Amino acid sequence: MKLNKQEILTALKKITVPGEGENMVDSGAVTNVVTFADEVIVDITIKNPSLQARKKTEVEILQVIHREVYEKAKIKVNIKVDAPAAKPKNEIKGKPIPGINNIIAVASGKGGVGKSTVTANLAVSLAKMGFKVGLLDADIYGPSIPIMFDVANERPLSVNIDGKSKMKPVENYGVKILSIGFFTKPDQAVIWRGPMASKALNQMIFDAAWGELDFLLVDLPPGTGDIHLSIMQAMPITGAVVVSTPQTIALADAKKGVAMFQQENINVPVLGIIENMAYFTPEELPDNKYYIFGQEGAKHLAEDLDVPLLGEIPLVQSIREAGDVGRPAALQTASPVEEAYEALTKEVVQQVVYRNEALPATEAIKITTMAGCSAVKKK
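We now turn to the structure provided with this report. (Residues numbered from 1 in each chain as written. Predicted model: local features only at pLDDT ≥ 70, side-chain atom pairs only at ≥ 80, totals over all residues. Heavy atoms only, no water.)

## Description of the sheet that holds strand β3 (residues 74-81)
The criterion, for reference: When DSSP finds two or more bridges between two strands, those strands count as paired. Only runs of H or I of at least four residues qualify as helices and only runs of E of at least two qualify as strands under DSSP, and these elements are numbered from the N terminus. Between N-to-C directions, angles span 0 to 180 degrees; the directions come from axes that are lines fitted to C-alpha atoms, helices contributing only their stretch in contact. Should any heavy atoms of two residues lie within 4.5 Å, those residues are counted as being in contact.
If you trace the three strands from one edge of the open sheet to the other, you get β1-β2-β3, paired in mixed fashion. The open sheet has two edge strands, β1 (30-36) and β3, and neither has a second partner. Taking the axes of each pair of neighbouring strands and ignoring which way they run, one obtains an average angle of 10° across the sheet. Bridge count for β1 against strand β2 (residues 39-46) is six bridges, and the pairing is antiparallel. Residue pairing in the sheet places Val-33 in a bridge with Val-42 of β2. Its contacts with the sheet place helix α1 (residues 5-12) against β1 and β2, and it is angled at close to 140° to β1.

Below is the structure:
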């Protein structure tokens with residue numbers, strides 16, 4: 001069969017480019033179509049730099065041509081990303097931390113979805129892969145990282161760096177850790193107003209001897225509030241991941257978390273969504289999956305928001321037990337849990353690499369107060 005160029009273009013008009021309203025032909029995204037007998041080459045340019053958008057576009061092109069024109073057509077799709085030009089590095093403002101290459105914020109729209117557990121296991125998985133990793137527990141009002149790393153009774157030491165006194169992070173499992181939990185008693189409630197919490201965070205960020213790090217993970221409090229703005233004001237975040245369960249209520253809050261980072265005046269790249277407690281598999285029935293909190297909710301949310309789904313972590317008793325005894329479950333060798341976290345971590349690293357290649361460095365934000373309302377703007 002000889003393919004017809006006009007039929008191909010007509011079929012492509014049924015596809016909308018990710019992030020744009022028009023179909024890919026009328027929008028000018030399709031730059032060229034070449035046919036040779038039963039073969040077709042489609043050249044397309046999209047503005048969305050995410051790996052998810054590229055994959056989605058390619059799959060939709062293959063599907064529509066096979067469905068609408070010829071099911072046995074041999075198709076090659078060449079996708080070019082026309083991303084905004086990166087700003088020169090000397091124009092990027094903010095307060096980057098010397099020696100730290102990537103700062104990843106881990107957030108959740110609501111509590112109870114396992115954000116800190118995911119952060120802890122992501123950190124040890126990165127360390128197992130050979131990366132230099134730090135973890136800042138910025139969950140001021142509910143710090144749990146010290147317990148999860150079995151360092152609740154440890155205290156950061158003071159070291160002299162270039163004539164200045166710095167906090168030396170506590171280290172375990174190859175991860176450097178700082179948390180407000182190191183400076184409070186286990187039964188002591190942290191009752192601080194925003195400015196006090198912000199000052200404490202700034203000390204743990206800038207008065208710490210983090211050294212050389214490939215990744216600094218920041219475990220944020222649940223929700224979208226003052227602490228989040230303080231962190232993004234203090235330092236430029238490379239990217240954010242949002243943790244959710246498949247439950248509808250959790251997804252509604254996760255959507256708000258993504259929206260916070262994507263606000264025009266904040267504009268922190270969202271690396272993707274992590275679905276925690278995705279399904280339950282009993283040890284005695286290893287082939288069975290029970291979707292206790294719903295099925296593929298985070299996957300559908302990721303598709304709706306056009307952000308990657310980074311991974312699905314099962315609901316496993318050993319993950320909870322490992323966190324309680326201070327040894328993250330990702331350290332379990334040759335286990336399904338280790339494999340799940342390893343796959344998740346590889347996807348996070350891939351998204352960070354792609355984000356750094358395709359987008360300019362993130363700026364820290366500046367917060368001003370006007371007429372009793374907080375206004376957020378870029379420095």
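The rest of the description comes next.
## A few points about the environment of Leu-135
What counts here: Working definition: with a 1.4 Å probe on protein chains only, accessible area under 20% of the residue-type maximum means buried, over 50% means exposed, and in between means partly exposed.
You can see Leu-135 is positioned in strand β5 (residues 133-137). Residue Leu-135 is classed as buried on the basis of its relative accessible area of 0%. Through-space distance from the C-alpha of Leu-135 to that of Lys-176 is 6.0 Å; in sequence the pair is 41 residues apart.

## Details of helix α2 (residues 51-68)
Our working rule: Expected helix span is given by 1.5 Å per residue-to-residue step, counting one fewer step than there are residues.
Helix length check: α2 (18 residues) gives 26 Å between terminal C-alpha atoms against 26 Å at 1.5 Å per residue, within 8%. Those residues of α2 that are buried lie in contact with α1, β2, β3 and α10 (336-358).

## Brief notes about the packing of helix α7 (residues 248-262) against helix α8 (residues 297-305)
As a reminder, the rule being used: Crossings are assigned a handedness: left-handed for a near helix turned anticlockwise from the far helix by less than a right angle, right-handed for a clockwise turn. Under the scheme applied here, ten amino acids are nonpolar (Ala, Val, Leu, Ile, Met, Phe, Trp, Tyr, Cys and Pro), four are charged (Asp, Glu, Lys and Arg), and all others, including Gly, are polar.
Close contact between α7 and α8 brings their axes to 11 Å; oriented N to C, the two are set at 35°. At the point where α7 passes α8, the crossing takes the right-handed sense. Here Leu-251, Ala-254, Lys-255 and Val-258 of α7 come into contact with α8, specifically with Gly-297, Ala-298, Leu-301 and Leu-305. For the contact of α7 with α8, a count of residues per class yields six nonpolar, one polar and one charged.

## Points about the packing of aromatic side chains
Note the following rule: When two rings of Phe, Tyr or Trp (its six-membered ring) have centres within 6.5 Å they constitute a pair, described as stacked for plane angles under 30 degrees, edge-to-face for angles over 60, and tilted for the intermediate range.
Using the criterion set out here, one finds three aromatic pairs in the structure. Ring centres of Tyr-279 and Tyr-291 lie 6.2 Å apart, and the angle between their planes is 65°; on these two criteria the pair is classed as edge-to-face. Placement of Tyr-279 in strand β12 (residues 270-280) and of Tyr-291 in the loop between β12 and α8 is noted, with a sequence separation of 12 residues between them. With relative accessibility at 34%, the residue Tyr-291 sits in the partly exposed group.

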